Amino acid sequence: MDATPHILVVDDSADIREPLARYLGKNGMRVTRANGGPEMRRALKTSAIDLVVLDIMMPGEDGLSLCRMLRETTDIPVILLTALSEDTDRVVGLEIGADDYVTKPFNPRELLARIRAVLRRAQALPKPAGPEAKRLAFAGWTLDVPRRELTGPDGVAVPLSTAEFRMLTVFLQRPHLVLSRDQLLDLTSGRALEPFERSIDNQVSRLRKKIEIDPKNPAIIKTVWGGGYTFAVDVNEGPAP
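As the structure is a computational prediction, the values presented were derived from the model and not from experiment.

**Examining the sheet that holds strand S3 (residues 51-55)**
Strand order across the open sheet formed by five strands is S2-S1-S3-S4-S5, with parallel pairing between neighbours. Only two strands of the sheet have a single neighbouring strand rather than two, namely strand S2 (30-34) and strand S5 (100-104). In this sheet, neighbouring strand axes are inclined to one another by 20° on average, regardless of whether the strands run parallel or antiparallel. As judged from the five bridges shared by strand S4 (residues 78-83) and S5, these two strands associate in the parallel manner. When the sheet's bridge partners are listed, Leu81 is paired in S5 with Val102.

**Looking at the pairing of S3**
In terms of residue burial, S3 counts as a mostly covered element, since five of its five residues are buried. Along S3, one buried face is formed by Leu51, Val53 and Asp55 and the opposite face, lined by Val52 and Leu54, is buried too. When strand S1 (residues 6-10) meets S3, the two strands line up parallel, connected through four bridges. Bridge assignment links Ile7 to a residue of S3, and that residue is Leu51.

**With respect to the sheet that holds strand S10 (residues 178-179)**
The strand order across the open sheet built from three strands is S10-S12-S11, with neighbouring strands paired in antiparallel fashion. A strand with exactly one partner marks an edge of an open sheet, and here the two such strands are S10 and strand S11 (221-224). The pairing of S10 with strand S12 (residues 228-231) spans two bridges and is antiparallel. The partner of Val178 across the bridge, within S12, is Thr230. Strands in contact with helix H8 (residues 200-211) are S11 and S12; relative to S11, the strand with the most contacts, it is inclined by about 145°.

**Focus on the confidence of the model for the chain**
Here the chain averages 86 in pLDDT, while 89% of its residues score no lower than 70. Per-element averaging of pLDDT across the chain places helix H4 (residues 87-95) at the bottom with 74 and S1 at the top with 96. Scored below 50 in pLDDT, residues 191-198 shows 17 contacts in the model against residues more than four places distant or in partner chains.

**As for the packing of aromatic side chains**
Counted by the stated rule, this structure contains two aromatic pairs. When the ring of Phe138 is compared with that of Phe231, the centres are 5.3 Å apart and the planes differ by 70°; the resulting orientation is edge-to-face. Of this pair, Phe138 sits in strand S6 (residues 135-138) while Phe231 sits in strand S12, and the two are 93 residues apart along the sequence. Comparing Phe138 with Phe231, the two get one shared label, buried. On the accessibility criterion, Phe231 (0% relative accessible area) is buried. By way of ring pairs, the aromatic residues Phe138, Phe171 and Phe231 are connected into one cluster.

**Let's talk about the environment of Ala43**
Mapped onto the fold, Ala43 is located in helix H2 (residues 37-46). Since its relative accessible area comes to 7%, Ala43 is described here as buried. Not counting the four nearest positions on each side in its chain, Ala43 is found in contact with Leu8, Thr32 and Ile49.

**Here we look at the packing of helix H6 (residues 162-173) against H8**
Helix-helix packing is described using two parameters, namely the angle between the two axes and the distance between the axes. Viewed as axis vectors pointing N to C, H6 and H8 meet at an angle of 85°, and their least axial separation amounts to 10 Å. Taken as axis vectors, H6 and H8 run roughly perpendicular relative to one another. Note on element contacts: H8 touches H6 through Ile200, Gln203, Val204, Arg206, Leu207, Lys210 and Ile211, opposite Ala163, Glu164, Met167, Leu168 and Phe171. Considered class by class, the residues forming the contact of H6 with H8 number eight nonpolar, one polar and three charged.

**Overview of the side chain of Asp144**
Along the chain, Asp144 falls in strand S7 (residues 141-144). Judged by relative accessible area, which is 9%, Asp144 ranks as buried. Only 3.3 Å separates the side chain of Asp144 from the side chain of Arg135, close enough to count as a polar contact. One polar contact links the side chain of Asp144 to the main-chain amide nitrogen of Arg147, over a distance of 3.2 Å.

The rules behind these values
Residues numbered from 1 in each chain as written. Predicted model: local features only at pLDDT ≥ 70, side-chain atom pairs only at ≥ 80, totals over all residues. Heavy atoms only, no water. Pairing = 2+ DSSP bridges. Helix = DSSP H or I, 4+ residues; strand = E, 2+ residues; numbered from the N terminus. Axes fitted to C-alpha atoms, helices over the stretch in contact; angles between N-to-C directions. Buried < 20%, exposed > 50% of the residue type's maximum accessible area, 1.4 Å probe, protein only. Contact = heavy atoms within 4.5 Å. pLDDT = per-residue confidence, 0-100. Phe/Tyr/Trp six-rings, centres within 6.5 Å; stacked < 30°, edge-to-face > 60°. Parallel < 35°, antiparallel > 145°, perpendicular 65-115°, else oblique. Nonpolar A, V, L, I, M, F, W, Y, C, P; charged D, E, K, R; others polar. Polar contact = N/O pair within 3.5 Å; in protein donor to acceptor, adjacent residues only side chain to side chain.

Structure representation (structure tokens):
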């Protein structure tokens, strides 16, 4: 099997897409090109893609919409190409799950370094060990993943923020594994979002307040001193609605 990283470059501008694809190809990457959403989807169906370089400003379906789709359907890392002045787009892109961003005009060498760094982090992360069902059950709770709905043992729905939903999903897919704070940061938001996010400890604290009987003495999300956190209860496929 070819271990060469396969990069999908999605940009509607051939003046950016083609030179970048050639540069990455000369530096040890396999590259597939796409000029927008339809070509990106075809490439994802026909090829095993390791990372997507995705332009935000594209006509029709923009990069933020495509990034959101990728996050909801795959674990493929995403690096955004953004305009220098579009701070809001960068933050929104990172909040919906992009792993990093590079501003235009960019140095291809810098982008290559960021691609390699994101790939190293992705390869080092623990893979999902729990069920990949659409409904996940634990300790009397049920999470409907497509709907992002959490229902308690009493049948009452408990609202989750986007950050809380991502954190809970990461734990449910990796029960009984010890996850470090750095790993949780990478799995939930990408390292580039760190300046915009509260600490992992605060995110875990907020989630505990919603699912633990006694948040100060947690039985579900336990602290592993010197290691991070572990989801300490079994996770199963939830019952049909």
